Amino acid sequence: MAKNHRAATDVNGRPELPIVEDDGFSAEMLFRQGYSYTYDDLIFHPGFINFATDAVDLSTHLTRNIQLRTPCVSSPMDTVTEAAMAAAMATVGGIGFIHYNNQPQVQAALVKKAKSQRVAFMPDPVCLRPSDPISHIDLLKETRGFSSVLVTEDGKVGSKLLGVVTSRDTDFVVDRSTELCEVMSRDIISAPAGASLEEASRVLIESKKSLLPLVTDTGELTELLCRTDLKSHRQNPDSGFPSLGADGKFLVGAAVGTRESDQIRLQLLVDAGVNVVILDSSQGDSIYQRKMIEYVKKVHPELDVIAGNVVTAYQARNLIEAGADALRVGMGSGSICTTQEVCAVGRGQGTAVYKTAAVGNAMGVPIIADGGIANSGHVVKALSLGASTVMMGSFLAGTDEAPGEFFIQDGLRLKKYRGMGSLEAMAKGSDARYLGDKSRLKIAQGVSGSVAAKGSVLRLIPYTLHAVKQGFQDLGTPSISAAHDALVAGSIRLEVRTGAAQKEGGVHDLVSYEKRRF
Ligand SMILES: NC(=O)C1=CN([C@@H]2O[C@H](COP(=O)(O)OP(=O)(O)OC[C@H]3O[C@@H](n4cnc5c(N)ncnc54)[C@H](O)[C@@H]3O)[C@@H](O)[C@H]2O)C=CC1
Ligand SMILES: O=c1[nH]c(=O)c2[nH+]cn([C@@H]3O[C@H](COP(=O)(O)O)[C@@H](O)[C@H]3O)c2[nH]1
Ligand SMILES: [K+]
């Protein structure tokens with residue numbers, strides 16, 4: 001019999017709307033199937049748009065007591081976060097965590113430096129002494145790529161500024177042992193210490209010089225503003241309000257371990273003004289973390305403690321019970337991690353975030369989705385699966401603000417990036433954590449490699465956030481908290497992508513193409 005294709009009509013003769021069966025899965029249903037899913041396995045269904053991209057509010061909680069305007073944080077790794085990164089992350093409304101693969105005094109000094117660093121200004125320009133030879137500048141040119149230096153009384157920032165040497169002063173001097181005091185310009189245009197970026201920029205531009213030192217009333221050098229830095233800063237998008245603490249300085253976090261010696265480190269960090277600490281372990285559900293949380297809460301009750309890493313609901317509950325103010329989530333998901341291969345434990349990051357966030361959010365403890373963030377879509381997925389912030393390593397490694405120098409390999413500009421459990425990182429400093437005792441065996445749980453140069457965090461993060469806002473608009477959720485509510489209500493719908501669907505979702509069937517993110 002032929003099928004009747006005529007639609008049923010309502011009383012007004014209009015086609016009746018069909019009943020749409022539930023399409024896709026709620027997270028609650030999807031994550032109950034026994035699989036460990038990562039971000040790329042999952043895809044969200046678009047929702048209904050009734051707001052503009054710019055109306056999306058990405059403000060969030062880092063911990064129970066700390067709010068951020070931007071849900072991005074930098075990982076406590078020695079190739080990711082030192083002072084420049086922490087200052088840049090706070091500038092864009094996020095926060096950076098200073099690593100602890102160093103002496104406690106060094107880490108505390110980095111916290112102090114990050115808190116008072118100013119955008120575009122250089123707090124620690126290379127200085128030389130008047131008696132140093134020109135050959136020292138030649139060496140700097142070779143190793144660091146610059147040929148202008150400030151000459152101060154004792155060759156350090158903080159001492160009296162005596163002169164400026166640029167290539168114009170040294171280009172044609174044949175005898176490279178000539179002392180800098182013989183060639184330096186003593187006629188220096190400077191700005192007063194603490195001058196705002198606006199004031200200092202005006203002086204620099206009018207001076208037509210390449211460097212503007214900032215000096216105290218008595219002539220001591222405090223900071224430097226370089227023409228090239230100012231130029232690139234002006235190309236960055238507006239950063240908005242920075243993350244500031246009650247002291248009016250940048251919010252800065254730091255990592256500590258769970259050994260007794262970390263109690264001294266913690267005190268130095270607190271003295272340096274640290275705003276929040278992370279207990280940094282690959283498997284955080286341990287007696288060591290419980291004891292450390294208890295210790296921090298007893299000695300520094302005002303300091304928020306982030307515990308982790310965890311990936312299961314049980315681990316999350318245990319650390320919350322112990323007093324954690326936020327949980328860092330992810331085991332083996334990081335780009336440099338080999339933990340799942342080496343230890344057979346961990347979880348797909350999508351499942352880990354969802355399962356821990358279900359516990360954390362119900363108890364008012366925010367989740368930091370740590371590791372595996374490679375693009376803005378991963379940020380949208382992490383936040384929509386219940387995380388309040390994302391922690392990034394490789395995404396931020398290779399930026400101007402990441403520690404280390406750029407190098408060229410096969411025509412590409414690269415920076416080093418390595419796991420904190422790599423043999424190389426352990427050899428540098430984590431030996432103490434990792435059985436410093438030389439008679440014990442060392443097993444790597446990470447690798448050491450390199451990533452491509454990415455420009456400034458002050459450009460990368462604003463562009464990424466804009467893409468994230470577009471994702472939230474497509475989902476139909478105007479804020480992180482709205483996404484969390486929709487997740488619990490089951491109105492965020494999602495599915496698992498097959499291998500072919502993942503392939504289809506990427507660029508395919510082109511002979512060649514260039515992928516530029518912005
Ligand atoms: N997120 C991830 O998937 C992973 C991260 N990592 C990173 O590598 C670095 C090192 O991680 P972990 O090896 O977990 O460092 P860890 O310092 O927490 O642990 C190292 C070893 O010391 C032991 N330990 C810790 N506190 C102790 C105490 N008070 N007394 C006696 N033993 C104690 C631990 O149980 C472990 O065997 C961290 O930066 C971490 O973030 C490493 C592997 C995986
Ligand atoms: O198994 C590991 N071995 C390591 O050596 C290691 N170092 C860092 N991490 C973790 O990886 C996160 C950064 O990951 P992404 O580069 O993917 O952002 C970081 O935030 C850490 O959680 C490690 N994991
Ligand atoms: K991995």
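Residues numbered from 1 in each chain as written. Chains lettered and ligands numbered in written order. Predicted model: local features only at pLDDT ≥ 70, side-chain atom pairs only at ≥ 80, totals over all residues.

As recorded in an unreviewed UniProt entry, the protein chain goes by Inosine-5'-monophosphate dehydrogenase and comes from Sphagnum jensenii. UniProt annotates the protein chain under Function (unreviewed entry) with the comment "Catalyzes the conversion of inosine 5'-phosphate (IMP) to xanthosine 5'-phosphate (XMP), the first committed and rate-limiting step in the de novo synthesis of guanine nucleotides, and therefore plays an important role in the regulation of cell growth." (UniProt positions renumbered as here; feature names shortened; annotations may be inferred.)

Focus: the environment of Leu 303
In this fold, Leu 303 is placed in the loop between helix 10 (287-299) and strand 15 (304-310). On the basis of neighbour count, Leu 303 is assigned to the partly exposed category, with 18 C-beta atoms found within 10 Å. Taking the C-alpha atoms as reference points, Leu 303 and Leu 162, separated by 141 residues in sequence, lie 43 Å from one another. (Helix = DSSP H or I, 4+ residues; strand = E, 2+ residues; numbered from the N terminus. Buried ≥ 20, exposed ≤ 12 C-beta atoms within 10 Å, placed from the backbone.)

As for the site of ligand 2
What surrounds ligand 2 is a group of 27 residues, the closest being Gly 334, Cys 337, Gly 393, Gly 419 and Gly 446. Among the residues forming the shell around ligand 2, the class breakdown is eight nonpolar, 18 polar and one charged. (Near = placed C-beta within 6 Å. Nonpolar A, V, L, I, M, F, W, Y, C, P; charged D, E, K, R; others polar.)

Remarks on unusual backbone geometry
The amide bond that connects Gly 308 to the next residue, Asn 309, takes the cis arrangement and shows omega of 5°. Structurally, Asn 309 can be placed in strand 15. Backbone geometry at Ala 120 places phi at a positive 80°, although glycine is not the residue there. Within the secondary structure, Ala 120 sits in the loop between helix 3 (104-116) and strand 6 (121-122). The phi torsion at Asp 410 lies on the positive side, around 50°, for a residue other than glycine. By the element assignment, Asp 410 lies in the loop between strand 19 (407-409) and strand 20 (412-418). Classification of Asp 410 as exposed rests on a count of 5 C-beta atoms within 10 Å.

A word on the domain arrangement of the protein chain
According to the domain assignment, the protein chain consists of domain 1 (53-119 + 239-495) and domain 2 (122-234). Centre-to-centre separation of domain 1 and domain 2, based on C-alpha positions: 36 Å. Contact with domain 1, which involves four residues of that partner, is made by four residues of domain 2. Split into classes, the residues belonging to the side of domain 1 that touches domain 2 amount to one nonpolar, two polar and one charged. (Domains from an automatic or database assignment. Contact = placed C-beta atoms within 7 Å.)

Re the UniProt feature "binding site: NAD(+)" (unreviewed entry) in the protein chain
According to UniProt, the "binding site: NAD(+)" (unreviewed entry) feature falls on Asp 280, Ser 281, Ser 282, Gly 330, Met 331 and Gly 332. On the basis of their most widely separated C-alpha atoms, the annotated residues across 53 residues gather in one place, lying no more than 14.1 Å apart. Position of Ser 281 relative to the elements: it lies in the loop between strand 14 (276-279) and helix 10. Apart from the residues within four sequence positions on either side, Ser 281 is in contact with Thr 258, Ser 286, Gln 289 and Asn 309.

Thoughts on the packing of helix 3 against helix 9 (residues 262-271)
One can describe the packing of helix 3 onto helix 9 by two numbers: an axis separation of 8 Å at closest approach and a directional angle of 25°. One finds that helix 3 runs roughly parallel with respect to helix 9. In terms of crossing hand, the pair formed by helix 3 and helix 9 is right-handed. Where helix 3 approaches helix 9, its residues Pro 104, Gln 105, Gln 107, Ala 108 and Val 111 are matched on the opposing element by Ile 264, Arg 265, Leu 268, Leu 269 and Asp 271. (Axes fitted to C-alpha atoms, helices over the stretch in contact; angles between N-to-C directions. Parallel < 35°, antiparallel > 145°, perpendicular 65-115°, else oblique. Left-handed = near helix turned anticlockwise from the far one by under 90°.)

Looking at the environment of Ser 167
Structurally, Ser 167 can be placed in helix 5 (residues 167-170). Using a count of 13 C-beta atoms within 10 Å as the deciding quantity, one classes Ser 167 as partly exposed. When residues no more than four places from it in sequence are discounted, the contact partners of Ser 167 are Ser 147 and Ser 148.

Examining the sheet that holds strand 9 (residues 161-165)
Within a beta sheet, neighbouring strands are joined by backbone hydrogen bonds and run either parallel or antiparallel to one another. Ordered by their spatial adjacency, three strands build an open sheet running 7-8-9, and the pairing between neighbours is mixed. Each edge of the open sheet carries a strand with a single partner, namely strand 7 (127-128) and strand 9. As judged from the four bridges shared by strand 8 (residues 149-152) and strand 9, these two strands associate in the antiparallel manner. Its bridge partner lying in strand 9, Thr 152 is registered against Leu 161. (Pairing = 2+ DSSP bridges.)

With respect to the nonpolar core
By size, the foremost hydrophobic cluster in this structure holds 105 residues, and its most contacted members are Val 277 and Leu 327. With residues up to four places along the chain from it excluded, the contact list for Leu 327 reads Ala 307, Gly 308, Val 310, Ala 316, Leu 319, Thr 356, Gly 360, Val 365, Ile 367 and Ile 368. (Core = buried A, V, L, I, M, F, W, Y, C linked by C-beta atoms within 7 Å.)

So, helix 13 (residues 349-362)
Taking 1.5 Å as the rise per residue, helix 13 with 14 residues should run 20 Å; its terminal C-alpha atoms sit 20 Å apart, in good agreement. Residue Thr 356 marks the point of greatest curvature in helix 13, where the axis turns by about 25°. Within helix 13, 11 of the 14 residues are buried, leaving the element largely enclosed by the surrounding structure. Among the residues of helix 13, those classed as buried are Gln 349, Gly 350, Thr 351, Ala 352, Val 353, Tyr 354, Lys 355, Thr 356, Ala 357, Val 359 and Gly 360. One or two residues past the end of helix 13 sits Gly 364, with phi positive at roughly 75°. (Expected span 1.5 Å × (residues − 1). Bend = angle between axes of the 7 residues up to and from the residue.)

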